[in-house]
2 protein chains.
Amino acid sequence: MSDIKINHLAVVVEDVEKSLAFWRDGLGLDLGGEIEDVPSEEVKIAFLHLGDAHIELVQPTTEDSGIAKYLAKRGQGMHHICVEVSDIEAKMQELTDKGYDMINETPRERDGKRYAFVHPKSTGGVLLELYEVS
Amino acid sequence: MSDIKINHLAVVVEDVEKSLAFWRDGLGLDLGGEIEDVPSEEVKIAFLHLGDAHIELVQPTTEDSGIAKYLAKRGQGMHHICVEVSDIEAKMQELTDKGYDMINETPRERDGKRYAFVHPKSTGGVLLELYEVS
């Protein structure tokens, strides 16, 4: 059995407070922490618990970031699915060997955790993040 | 704590065998059952286990169904998120009372289970399925 599971789903939104009102106050999910302003990534983010995964609402705060352009082009909605893998380099190598396209050739890192994105053209249109958990 | 969790993620694809090759043989997820042809819904479907949720690859098999038109308009990618709720009528009433829009005014039913969709304009662009589990 595969041990791969969902870590989070990211949704790009126009107004994080407005969307949060639906997911928290309407649907009833628990907010993890506060709405976070991340100037270095030009976004505001809210995390909501969804079982043992979470949903991440992302609002661009400038007009020229990648995520702002995505929102302008595609409109609000799903941005990516993030799944947990145990050995990200092995998985990236396996995918590359099979002819699938990684957006990142080597893992990137945030908060001491490694991650990399698989190109939507390899997955059936889904931007897929691999996130290494030990 | 909310007990709402992800049941499945649905992805609309052009070619279910080709996308399955990525998710099963590339990423390494386990296929649940076989690829299923569902003429009544004009789709072919593959289910893959993803932790205790699953991912559902959906390929339209005609050109004039809702899902075929969605694919033609938006291209491949995420179609909807399905979450489990314990009392679907109470949740639908609560959302309606708060001014959110359901696509289905009353629950629909498949395989003895009840479900209903929340309109993307209420959620931040995500088509959201509520699925009742007891």
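In this text, all values refer to a predicted model and were calculated from it rather than measured experimentally.

About the thresholds
Residues numbered from 1 in each chain as written. Chains lettered and ligands numbered in written order. Predicted model: local features only at pLDDT ≥ 70, side-chain atom pairs only at ≥ 80, totals over all residues. Heavy atoms only, no water. Salt bridge = Lys/Arg side-chain N within 4 Å of Asp/Glu carboxyl O. Helix = DSSP H or I, 4+ residues; strand = E, 2+ residues; numbered from the N terminus. Buried < 20%, exposed > 50% of the residue type's maximum accessible area, 1.4 Å probe, protein only. Pairing = 2+ DSSP bridges. Axes fitted to C-alpha atoms, helices over the stretch in contact; angles between N-to-C directions. Contact = heavy atoms within 4.5 Å.

Let's shift gears to the pattern of salt bridges. Residues and elements named next belong to chain A. Scanning the model with the defined rule gives 20 salt bridges over all chains in all. The salt bridge involving Arg 114 is made with Glu 89; its shortest N-O contact spans 3.1 Å. Taken together, the residues span a long stretch of sequence, with Arg 114 in strand β7 (residues 113-118) and Glu 89 in helix α3 (residues 88-97) at a distance of 25 residues. Under the relative-accessibility criterion, Arg 114 is labelled partly exposed at 25%. A salt bridge links Lys 91 to Glu 94, with the shortest nitrogen-to-oxygen separation between them at 3.6 Å. Of this pair, Lys 91 and Glu 94 both sit in helix α3, three residues apart, roughly one helical turn.

Looking now at unusual backbone geometry. Residue and element names in this part refer to chain A. The backbone of Glu 42 sits at a positive phi, close to 60°, despite the residue not being glycine. Relative to the assigned elements, Glu 42 resides in the loop between β2 (30-38) and β3 (43-50). Given a relative accessible area of 25%, Glu 42 falls into the partly exposed group. Located in the positive-phi region is Asp 111, a residue other than glycine, with phi close to 50°. Its place among the elements puts Asp 111 in the loop between β6 (108-110) and β7.

Let us look at the sheet that holds β6 of chain A. Picture the strands of a sheet paired through backbone hydrogen bonds; they go either parallel or antiparallel. Residues and elements named next belong to chain A. Pairing is mixed in the open sheet, where eight strands are placed in the order β2-β3-β4-β1-β5-β8-β7-β6. Lying at the two open borders of the sheet, with one neighbouring strand each, are β2 and β6. The mean angle between the axes of side-by-side strands here comes to 25°, regardless of whether they run parallel or antiparallel. Relative to β3, β2 runs antiparallel, the two being bridged by six bridges. Looking at β3, one finds that Asp 30 is bridged to His 49. Strand contacts of helix α1 (residues 16-26): β2, β3 and β4 (53-60), with the helix running at about 5° to β3, the strand carrying the most contacts. α3 contacts β5 (77-85), β7 and β8 (128-132) of the sheet and is inclined by roughly 15° relative to β7.

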